[in-house]
Amino acid sequence: MLAQFRRFLNTRAARVFFVLLIIPFVSWGVADVARNSGRETSLATVGDRKVETPEFQDMYRRMMADVSRRLGGRSEPTPAIRRAVAGQALDRLVMQTALAEEVARMGVAVPDEALRREVFEMPALRGPSGQFERRNLDSLLRTNNLTEGRFLEYIRADLGQRQLIEAVQVGARPSELLVNQVYAFAREQRVAELVELPFAAAPEPPASSEDDLKRFWENDPGRYSAPAYRRIKAVILSPDTIARTLDLPEPDLQAWYQQHRAEFGARERRTVQVVVSQDEAAATRLAETWRAGADWAAIQEAATAASGSSVQLDDAARAEIPGDDLAGAVFAAASDTVTGPVRSAFGYQVLRVTKITPDSEQPFEAVRDQVQARLARERAVDLVYARANKLEDALSAGGSLDELPGDLGLGAVTGTLDAQGNTPEGTPAPLPGTPALRTKIIADAFAMTKGEPPRMIEGPDTSYYALAIEDQTASAVKPFETVRDQVAQDYEQDVRRRAQEAVAARLLAAVRAGGSLDDAATIAGLRLDRTPPIGRAGVPPGVPPELVQPLFALKVNEATMVSTPLGYLVARLATVETPDPASDPDSANQLRSALTQQMAQDIEALYTNAIREKAKPRVNAALLETLVQ
């Protein structure tokens, strides 16, 4: 049979058959190439470089993994979060690509030795001894789904970009005029003459008539109206309600704990003494004096004499130490060893770690309940969509909220509440879920009417719920007789307020007419006080906070009238105390360092945006939308 088949292949009829068979495939292939020719397959074009889809997907996956870690498994990232992360990932890649093109154009090179030193000095890759540990690198690569080659490419590119950016930042330094002006603005203090007119000190008002009270009641119906109420029945489906129903096997809990055991314990903390100088030579001398045996008090005095500053941070975590450069140096330093000078945006820093509290780990038995809760919620997130479909099917079939399946993990609640979510007794209604879910349930309850069939509604934080309005009560003005005592009290308070307002207005008018506040207060039988110095950043005890902003809008001898919950104030600006930076060099140096850092950040932002604009990035919006979906 095979011989017959071979003989057939050599016939004219077989050749014609294969030609006819090949023609459609060739046509389809050519048509497909024609359709795709000219179609942009890159996600973005930045100058002469392309941002390809795999590169974006890699960045997006790593950023989403970071978002998931930050959420701690407490909720699933929403579509809005995913879209925002995708936009940020693409924006970061566009900026990196534009910078990489500029680095190449400028001929900036990163030697292999510099790359090696950068990796070996990364704090995250060091072990307890302070030395580089390979296992930490392997863990970092696994966590971020990176190969070693790709990781080194990132580090090399980052080093090149840092060289470029630091070159334009090097001249960032505020002028002394700017430092003095900002220092004076931030530390300026003002003293005012002050007359207080408490509502409680107003003259006893005349007895009110029934007509006065009724007229007051009629003119402010909103104050004396009972709110609208809804009596609701609600079922809620969320990862939290499902998690409470899950029974997890002990081996699963043990395995999950082993995977996340680093999260259960305290991170390393350090106590460190730091001196800062803007001059490298001065910082070097401070370091030598410290290494020679000088104590902390002597070093502080020496730093002040050298126009530097000093600070001690007690039991600080890495994130609590300002600046990545300083944090890296602190957590790489050995105990009781003087390190530095370390250059950073704040200047040249010399430091000594005096105490190290190492990482601590909690055993499984101590955190079993936490493990149970977190693993249950993780699994509940995977179950919520399937159970939401079952809930919707049950509601679509005409089932009431009392007839829903009992195996969905629903939370149920029944009660009466107003539009603010309070019960008739004035306490918050016990609605389960997050504040965002609570707010949405209340809003939907007051958008529905009695008798509407319940339907499934998607809520925030991967939640679903269904509502039924069992009863509704409209808002109505309370009868005068039931609120008369409240009306009388409010009426008296209003009379006192208007009386004190009139006195305050007369005092203010007298001062603005050229008189003194002291004389006007004496004539009115009131006492004039003088405030302690008031700054923008804080309010001294006894000074009403409502006075601060108006006081800093006044010129000397100008006056203002301020209302507070307890009464009225009439104040005149008496003096303005402008501080001298030379009187507090430590604070001035800290401000100078902060301004230097801020200027460097502003220069970086302007420079990188200019590079980005020069590269004229073009984004393939259609492809991005496809990838996001």
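Residues numbered from 1 in each chain as written. Predicted model: local features only at pLDDT ≥ 70, side-chain atom pairs only at ≥ 80, totals over all residues. Heavy atoms only, no water.

**Quick look at the packing of aromatic side chains**
Following the criterion strictly, the structure yields 7 aromatic pairs and no others. Residues Tyr-257 and Phe-364 carry aromatic rings whose centres are separated by 5.6 Å and whose planes lie at 70 degrees to one another, so their mutual orientation is edge-to-face. With Tyr-257 in helix H11 (residues 250-260) and Phe-364 in helix H15 (residues 364-396), this pair connects stretches of sequence that are 107 residues apart. As far as the burial class goes, Tyr-257 and Phe-364 line up, both buried. The cationic tip of Arg-116 hangs over the ring face of Phe-120; the distance from NZ or CZ to the ring centre is 4.3 Å. (Phe/Tyr/Trp six-rings, centres within 6.5 Å; stacked < 30°, edge-to-face > 60°. Helix = DSSP H or I, 4+ residues; strand = E, 2+ residues; numbered from the N terminus. Buried < 20%, exposed > 50% of the residue type's maximum accessible area, 1.4 Å probe, protein only. Lys NZ or Arg CZ within 6 Å of the ring centre and 35° of its normal.)

**What about the sheet that holds strand S5 (residues 229-237)?**
Read from one edge to the other, the open sheet built from 4 strands follows the order S10-S5-S12-S11, with strand pairing classed as antiparallel. Two strands bound the open sheet, and with one partner strand each, they are strand S10 (411-418) and strand S11 (456-459). The average angle at which neighbouring strand axes cross in this sheet is 35 degrees, direction not considered. Judged from the 4 bridges that link them, S11 and strand S12 (residues 463-473) form a sheet pairing that is antiparallel. Bridging from a neighbouring strand, Met-456 pairs with Ala-466 of S12. Across the sheet, helix H16 (residues 435-447) touches S5, S10, S11 and S12, and the angle it forms with S12 is around 40 degrees. (Pairing = 2+ DSSP bridges. Axes fitted to C-alpha atoms, helices over the stretch in contact; angles between N-to-C directions. Contact = heavy atoms within 4.5 Å.)

**A closer look at the pairing of strand S16 (residues 559-564)**
The pairing of S16 with strand S17 (residues 567-577) spans 6 bridges and is antiparallel. Across the sheet, the residue bridging to Met-561 is Val-570, located in S17. Linking S16 back to S17 in an antiparallel pair, the connection comprises 2 residues.

**Description of the nonpolar core**
Residues Leu-237, Val-371, Leu-391, Leu-395 and Leu-401 are the most contacted members of the largest nonpolar core, which totals 27 residues. Put simply, the parts of the chain that give this core at least two residues each are S5, helix H10 (239-243), H11, H15 and S12. With 10 residues, the single largest contributor to this core is H15. Once residues lying within four places of it in the same chain are set aside, the contact partners of Leu-391 are Leu-237, Leu-404, Leu-408, Leu-410 and Met-456. (Core = buried A, V, L, I, M, F, W, Y, C linked by side-chain atoms within 4.5 Å.)

**A few points about the sheet that holds strand S9 (residues 347-357)**
The antiparallel open sheet is built from 4 strands, whose spatial order is S7-S6-S9-S8. Because the sheet does not close on itself, it has two edges, and the strands there are strand S7 (309-317) and strand S8 (338-344). Strand-to-strand twist of the sheet, defined as the mean angle between neighbouring strand axes without regard to direction, takes the value 30 degrees. Packed onto the sheet, helix H12 (residues 280-291) meets strand S6 (269-277), S8 and S9 and runs at close to 165 degrees relative to S8. On the sheet, helix H14 (residues 324-332) packs against S6, S7, S8 and S9 and is oriented at approximately 125 degrees with respect to S6.

**A few points about the pattern of salt bridges**
Side-chain pairing between opposite charges can occur once the charged atoms of the two side chains come close. Across all of its chains, the model carries 35 salt bridges by this definition. In this structure, the salt-bridge partner of Arg-612 is Asp-91, at a minimum N-O distance of 2.6 Å. Highlighted residues: Arg-612 in helix H20 (residues 585-615) and Asp-91 in helix H4 (residues 79-106), separated in sequence by 521 residues. Of the charged contacts, one joins Glu-492 and Arg-496 as a salt bridge, the two residues approaching to 3.3 Å between their closest N and O atoms. Of this pair, Glu-492 and Arg-496 both sit in helix H17 (residues 480-512), 4 residues apart, which is roughly one turn of that helix. (Salt bridge = Lys/Arg side-chain N within 4 Å of Asp/Glu carboxyl O.)

**Structural notes on the environment of Arg-497**
Position of Arg-497 among the secondary structure elements: in helix H17. Overall, Arg-497 belongs to the partly exposed group, its relative accessible area being 28%. When the C-alpha positions of Arg-497 and Val-108 are compared, they lie 72 Å apart, and in sequence the two are 389 residues distant. Sequence-distant contacts of Arg-497, that is, excluding residues within four places in its chain, are made with Phe-199 and Tyr-568.

**Observations concerning helix H9 (residues 210-219)**
Every buried residue belonging to H9 is among Leu-213, Phe-216 and Trp-217, and all of these are buried. Each buried residue of H9 sits inside an arc of 100 degrees when the element is viewed along its axis, so together they form one side. In H9, the exposed positions that point more than 90 degrees away from the buried face belong to Asp-211, Glu-218 and Asn-219. Elements in contact with the buried residues of H9: strand S13 (476-477) and H17. (Arc of directions from axis to C-beta.)

**Quick look at H11**
By the burial criterion, the buried members of H11 are Leu-253, Trp-256, Tyr-257 and His-260. Axial view of H11: buried residues confined to an arc of 100 degrees, hence all on one face. More than 90 degrees from the buried face of H11, the exposed residues found are Pro-251 and Gln-259. Taken together, the buried residues of H11 touch H15.

**Notes on unusual backbone geometry**
The omega torsion of the bond from Gly-340 to Pro-341 falls at 10 degrees, within 30 degrees of zero and hence cis. Mapped onto the elements, Pro-341 comes out in strand S8. One non-glycine residue, Ser-307, adopts positive backbone phi at about 60 degrees. Mapped onto the fold, Ser-307 is located in the loop between helix H13 (296-305) and S7. Its identity is not glycine, yet Asp-336 carries a phi of approximately 55 degrees, on the positive side. Position of Asp-336 among the secondary structure elements: in the loop between H14 and S8.

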